[in-house]
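Report on the structure
These are the residues of each chain, in order.
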Amino acid sequence: QVQLVESGGGLVQAGGSLRLSCAASGSTSGSIFSINTMGWYRQAPGKQRELVASITSGGSTNYAESVKGRFIISRDNAKNTVYLQMNSLKLEDTAVYYCNADVLVVTGVLVKYWGQGTQVTVSS
C-alpha cells in the first residue's frame, strides 16, 4: 500500500515561484520493494494530463519542453520524497499537479501510484 501526499500548491503571480513536495508512504519491506522513477504531471482545465518532469532513483531527470530551464525536479530517496521547484511561472502553468511514483512491489510488478493532486494557480 502506497500513498502519495502532495503539498506546496497555491496561488502565485506570474514570474513567481512555488515548490511542490510529494512524500510517499507505505511499507518499505512489505509491499514496496523500491521506488523507481518519480515525477510530476499536471492537468489544466479542458486539457489532457501531461508529464512535467520525472526523476529516476539514480537522479536522471527529464522535463517537458515547456518547463525546461524553469522547473527543477529533485528527490530525497531516504525520505521517499520528490520535489518540484517551479520558477518563472507562467499563466499556462496553471493546473492541478499530480505526483507520480513508479513502485516496484515485492511481487516484482512495477505499479504507478498517484497523489491526490495540488492546485497551482498563476495569476497575472
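Note that the structure is a prediction, hence the values are computed from the model and not measured. (Residues numbered from 1 in each chain as written. Predicted model: local features only at pLDDT ≥ 70, side-chain atom pairs only at ≥ 80, totals over all residues. Heavy atoms only, no water.)

**Re the overall build of the chain**
- Assigned secondary structure in the chain consists of zero helices and 11 strands.
- If you list the helices and strands of the chain from N to C, you get β-β-β-β-β-β-β-β-β-β-β.
- Since a compact globule built from 124 residues should have a radius of gyration of about 14 Å, the 14 Å found for the chain is in line with a globular shape.
- Overall, the C-alpha framework of the chain stretches about 50 × 25 × 20 Å when taken along its three principal axes.
- Considering the chain as a whole, with its 124 residues, one finds that 41% of them fall into the buried category.
- For the chain, contacts bridging at least 24 residues in sequence account for 55% of all contacts bridging at least 6.
- As displayed, the chain offers around 6300 Å² of accessible surface, 51% of which is attributable to carbon and sulfur atoms.
- Taken together, the 10 basic and 7 acidic charged side chains of the chain have centroids lying 1 Å from each other. (Helix = DSSP H or I, 4+ residues; strand = E, 2+ residues; numbered from the N terminus. Rg over C-alpha atoms; globule rule 2.2 N^0.38 Å. Buried < 20%, exposed > 50% of the residue type's maximum accessible area, 1.4 Å probe, protein only. Contact = heavy atoms within 4.5 Å. Areas by Shrake-Rupley, 256 points an atom, 1.4 Å probe, with all protein chains shown as cover. Lys, Arg positive; Asp, Glu negative; His and termini not counted. Charge placed at Lys NZ, Arg CZ, Asp CG, Glu CD.)

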